Each structure stands twice: as C-alpha cells, then as structure tokens.
Amino acid sequence: MGQRKGNGPAVRQAVEYDLVELVRLRALLFENLGGHFFSPASADDDWLDALAVVLKEQLTADAVRILVVDGDGDRDGDSDGDRGLAACGIATIEQRLPGPHLRNGRIGHVIGVVTDPSYRRRGHSRSIMRSLLDWFEEREVARVDLYASAEGEPLYRELGFTNHPDPALYWRP
C-alpha cells in the first residue's frame, strides 16, 4: 500500500525513521485521554522506551498496520524546518476462534489514532481510518473494535461504528 491520494491527506505506512515521532504521538494520546486508568499518577516515562522497542518490532508485522500522515511545515516554531508527523494510526488483527458472530474469528483493533494539536481539523484521522478500514477489509476481518475518545466518537460513528453488544470489563493481575 503506497501513499493514499485523492480525498484527503496522503497516508503512508510508517517506517523505522518515524519511530521517535510515533512515540511522541502515542504519548500525546495518553496525555489527552487523562484519568487515572490511562495516565496513572504512579507512572514514569520508562514505558516510552518499551513502546519504542515494540513499535520497531511491529513496523513490518503482518498483523499490524501503522499509518502516518507527514506534517507540512515547522511544527515547533524553531525554524529548523522539521516536519514531524501530523498524525498516526495503529491497528492490529487478532485471530480468535470462529463462531456464529465471528465467521472467521478475525478481529481488528484500532489501537490508537492521534493527531498533533497543530494539525487537527484537517481530515488526517479520517484519512488514516479509511485506509485502516480498507486494510481490514482486504484481510477479511469479521469485526473491528476500538475505544473512542469523546472528540473522536463522531468520526467513528460516521464511519459506521456502533455500540458494542458485549459489556467491556477488564482485570489487572
């Protein structure tokens, strides 16, 4: 899959060169979500190093898709011409057991879509999501799950996402 042209910003698959920016955007995602669950008071930044290692491993994995939109100018205002990334989106495919509600057992997960605040309201998340949904369809995924922020929910509903029928519970050892 090359760059997506046409209706919106160009979307491309992330490469190793993007790792620093992917970590920055992923950290930004958790800062914006807030709350103790996503950003516990006891947390330090050691998770960022672990994130960089896992992202590097996952860049070429068959069951993972990491898409980005390049920035269009000097994001931080320091005149060094850095472009950075405007946005990124990460998705995975998990193979579960097939059932009447999951004909082939393949479930897609949108792990996070985040746009740098200076690039918001330009269609970056929409373009990334459309490309991820195309990727899921190509791989015959039976269902795609995601957790939506209040800001992102209208976009996801417009793209066809609905309330999940199962109650969401979690457990931490």
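Within every chain, residues take consecutive numbers counted from 1 along the sequence as written. Thresholds applied to this predicted model are a pLDDT of at least 70 for local features of residues and 80 or more for the giving and counting of side-chain atom pairs; totals over whole chains, interfaces and linings are not thresholded and use all residues. Remark: hydrogens and water are excluded; side-chain values derive from all non-hydrogen atoms of the structure.

- As annotated in an unreviewed UniProt entry, the protein chain carries the name GNAT family N-acetyltransferase and comes from Streptomyces mirabilis.

1. Topic: the pattern of salt bridges
Consideration 1: One speaks of a salt bridge when a side-chain nitrogen belonging to Lys or Arg is within 4 Å of a carboxyl oxygen belonging to Asp or Glu. Within the structure shown, the criterion is met by 11 salt bridges.
Consideration 2: A salt bridge links Arg157 to Glu153; the shortest N-O distance between them is 2.8 Å. Here the residue Arg157 and the residue Glu153 both occupy positions in helix α5 (residues 153-158), the gap between them amounting to four residues, near one helical turn.
Consideration 3: When a residue's accessible area, from a 1.4 Å probe over protein chains only, is under 20% of the maximum for its type it is buried; when over 50% it is exposed; and in between it is partly exposed. The exposure class assigned to Glu153 is partly exposed, which follows from its relative accessible area of 32%. Going along the chain from the N terminus, every DSSP run of H or I of four or more residues is numbered as a helix, and every run of E of two or more is numbered as a strand.

2. A closer look at the pairing of strand β2 (residues 64-70)
Residues in a regular strand point their side chains to alternate faces of the sheet.
Consideration 1: Extensive coverage of β2 is indicated by the burial of six of its seven residues.
Consideration 2: Bridge analysis of strand β1 (residues 12-13) against β2 gives two bridges, and the strand direction is antiparallel. Looking at β2, one finds that Gln13 is bridged to Leu67.
Consideration 3: The criterion for strand pairing is that DSSP finds at least two bridges linking the strands in question. Across seven bridges, β2 lies against strand β3 (residues 85-95) in antiparallel orientation. Considered in β3, the bridge of Val69 is made with Ala87.

3. Regarding unusual backbone geometry
Consideration 1: Of note in this structure, Arg121 is not a glycine but carries a positive phi near 70°.
Consideration 2: With respect to the element layout, Arg121 can be found in the loop between β4 (106-115) and α4 (124-138).
Consideration 3: We classify Arg121 as exposed; its relative accessible area is 85%.
Consideration 4: Residues other than glycine seldom take positive phi values, yet Glu140 does so here, at roughly 55°.
Consideration 5: Inspection of the secondary structure assignment puts Glu140 in the loop between α4 and β5 (143-146).

4. What to know about the environment of Ala86
Consideration 1: Within the element layout of this structure, Ala86 appears in strand β3.
Consideration 2: Classification of Ala86 as buried rests on a relative accessible area of 0%.
Consideration 3: Each C-alpha atom, one on Ala86 and one on Val68, is 7.6 Å from the other, the two residues being 18 residues apart in sequence.
Consideration 4: Note on definitions: a residue-residue contact is assigned when non-hydrogen atoms from the two residues lie within 4.5 Å. Setting aside residues no more than four positions away along its own chain, Ala86 makes contact with Val69, Asp70, Gly71, Val114, Thr115, Asp116, Tyr119 and His124.

5. Focus: the nonpolar core
Consideration 1: Formed by 21 residues in total, the largest nonpolar core has its most connected members in Ile128, Met129, Leu132 and Phe136.
Consideration 2: Per-element accounting of this core gives the leading share, six residues, to α4.
Consideration 3: Non-local contacts of Phe136, meaning those with residues more than four positions away in its chain, are made with Ala91, Thr92, Ile93, Gly108, His109, Val110, Val141 and Val144.
Consideration 4: Within the second largest apolar cluster, 17 residues are counted, among which are Leu19, Leu51, Leu59 and Cys88. Here, nonpolar core means buried Ala, Val, Leu, Ile, Met, Phe, Trp, Tyr and Cys residues that are tied together by side-chain atoms lying within 4.5 Å of each other.

6. Examining the sheet that holds β3
Consideration 1: Taken together, the five strands give an open sheet; going across it, the order is β1-β2-β3-β4-β5, and neighbouring strands pair in mixed fashion. Each having just a single partner strand, β1 and β5 make up the two edges of the open sheet.
Consideration 2: Two elements, β3 and β4, share nine bridges in a ladder whose sense is antiparallel. By the bridge assignment, Ala91 is partnered in β4 with Val110.
Consideration 3: Lines fitted to C-alpha atoms define the axes here, with helix axes fitted over just the stretch in contact, and angles between the N-to-C directions of these axes take values from 0 to 180 degrees. Lying over the sheet, α4 contacts β2, β3, β4 and β5, oriented at roughly 25° with respect to β3.

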